[in-house]
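Residue-level structural notes
One-letter residues, chain by chain:
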Amino acid sequence: MTERRNIQISLPATGDAEWQAVREPLATGWLTQGPKVAAFEKAFAERHNVKHALATTSCTTALHLILAAMEIGPGDEVIVPAFTWVATANVVLYCGATPVLVDVDPVTFNIDPTKVKARITSRTRAIIAVHLFGLCADVDALAAAAPGIPIIEDAACAAGSAYKGRSAGTLGLAGAFSFHPRKSITTGEGGMVTTNEPALAERCNQLRNHGASLSEEQRHHGSRPYLLAEFNLLGFNYRMTDLQGAVGLVQLRRLDEFIDERQKWADFYVSELRGIPWLRLPSVPAGSRHGWQSFVCYVEPATTPMPRNDIMERLQARGISTRPGTHAVHMLGYYRKRFGFAPDDLTSARDCDRNTMAIPLHNRMSADDYRYVVEALKVMA
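Presented here is a report on the structure given in the accompanying data block.

It is worth spelling out the side chain of Thr186 at this point. Looking at the secondary structure, you find Thr186 in the loop between strand 8 (174-178) and strand 9 (191-195). On the basis of relative accessibility, which here comes to 5%, the residue Thr186 falls in the buried class. Polar contacts involving the side chain of Thr186 include one to the main-chain carbonyl oxygen of Phe179, which spans 2.7 Å. A polar contact of 2.9 Å, which involves the side chain of Thr186, links it to the backbone nitrogen of Gly188. When near neighbours in sequence (up to four residues on either side) are disregarded, Thr186 contacts Pro12, Thr14, Phe179, His180, Pro181, Val247 and Gln251.

So, about unusual backbone geometry. Located in the positive-phi region is Asn49, a residue other than glycine, with phi close to 55 degrees. Summarising the element assignment, Asn49 is placed in the loop between helix 3 (35-47) and strand 1 (52-56). A relative accessible area of 64% places Asn49 in the exposed class. Despite not being glycine, His210 shows a phi value in the positive range, around 65 degrees.

Aromatic rings in a pair are described by how distant their centres are and how their planes are angled relative to each other. Across all of its chains, the model carries 16 aromatic pairs by this definition. Summarising the aromatic geometry, the rings of Phe109 and Phe133 are spaced 5.8 Å apart at their centres and angled 80 degrees between planes, so their arrangement reads as edge-to-face. You can see Phe109 sitting in the loop between strand 3 (98-102) and strand 4 (124-130) and its partner Phe133 sitting in the loop between strand 4 and helix 6 (139-145), a full 24 residues away along the chain. There is no split in this pair, since Phe109 and Phe133 are both buried. Taken together through their ring pairs, the aromatic side chains of Trp265, Phe268, Tyr269, Trp292, Phe295 and Tyr370 make up a single cluster. Here the basic side chain of Arg280 rests over the ring of Tyr298, its NZ or CZ set 4.3 Å away from the ring centre.

The rules behind the values
- Throughout, a residue's number is its position along its own chain's written sequence, starting from 1.
- Per-residue local features are limited, in this predicted model, to residues with pLDDT of at least 70; the limit for side-chain atom pairs, both in listing and counting, is 80 or more; totals at the level of whole chains, interfaces and linings are taken over all residues.
- Side-chain calculation: all heavy atoms of the structure are included, whereas hydrogens and water are not.
- Secondary structure elements follow DSSP: runs of H or I of four or more residues count as helices, runs of E of two or more count as strands, with numbering from the N terminus.
- Any residue under 20% of the maximum accessible area for its type is buried, any over 50% is exposed, and the rest in between are partly exposed; the area is computed with a 1.4 Å probe on protein chains only.
- Polar contacts here mean pairs of N or O atoms no more than 3.5 Å apart (in protein, one a potential hydrogen donor and the other a potential acceptor; neighbouring residues in sequence count only if both atoms are side-chain atoms).
- In what follows, a contact means two residues having at least one pair of non-hydrogen atoms within 4.5 Å.
- Only the six-membered ring of Trp is used, alongside the rings of Phe and Tyr, when aromatic pairs are assigned; centres must lie within 6.5 Å, and planes under 30 degrees apart are stacked while those over 60 apart are edge-to-face, with the rest tilted.
- Geometrically, a lysine NZ or arginine CZ counts as sitting over a ring once it is within 6 Å of the ring centre and also within 35 degrees of the ring normal.

Next up, the structure:
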């Protein structure tokens, strides 16, 4: 292979429809959270079969809102998978609580339910179950391992994903989604809280808007616009803009189309790459719908012809972008220093950190791009 391309690890699938969608907010002058955000929330709730959806500035702020609404704070503990984007653990610290890291299943990359029970204490207030790369965590097994402990879904990667016929975002007390450009649908930055609990939804709604009892939209459309909101909670400014809401509405209409296309090419990768002995490919448990935010492989260190990082460098030389799957949180500098972690404390997370590799999978790739990636990997085999 002498050809070189520029295949990005991910690109958002946006176009003229999104461009046209932002014209209305720009024309009306309603740029902050307003009717477009409300319409996006309603459509997202309907698509995911959940009663309440509240848009935020990011998945990180969505998770923080949920924990804050639960009044989790100093002295409390929250169980978090050790292999995840660092924000999952950070939001626990934002509340003054302690993240308790639990190792992951090396096959699914999600939190290992068999290792949760031993980490439950009298101070455990919640479990954050990450649906990593778009595959839902085994929430039934988690609930059995920790009865009575609320499960919060970090569904950053899991818009449109499902577990045993149930949508991500409905599997626990509440869920948090991301609309970052590397996700299946995007609003630039942005997030969403989902829940079926009306009291939690109302508290999140107030907390995202400085703790106010009324939003600007409610005052604008109300019969008594002179009323001032009450501020009975110490809140945040975690509101999504109507520009983002307008884009989100367009993107959401294409969510299932995007996932179906990603499924097609994930199947292609599995079919074409299964003969490479040193590359363990992702698998999907029966009853799950994978959202395929990323296609993450595991480079078997005992049989690989070269270290993972060398493979990634060679692919980059061919114009193929790759990334490690995500982080082992306990190996990150801040967490090592603050909690005294060593790499061998959580061995599956450590090994996933060192050996996982995401290859390009997104809705801007061509069939020829996918074939090019496959051939580049086969050459190394």
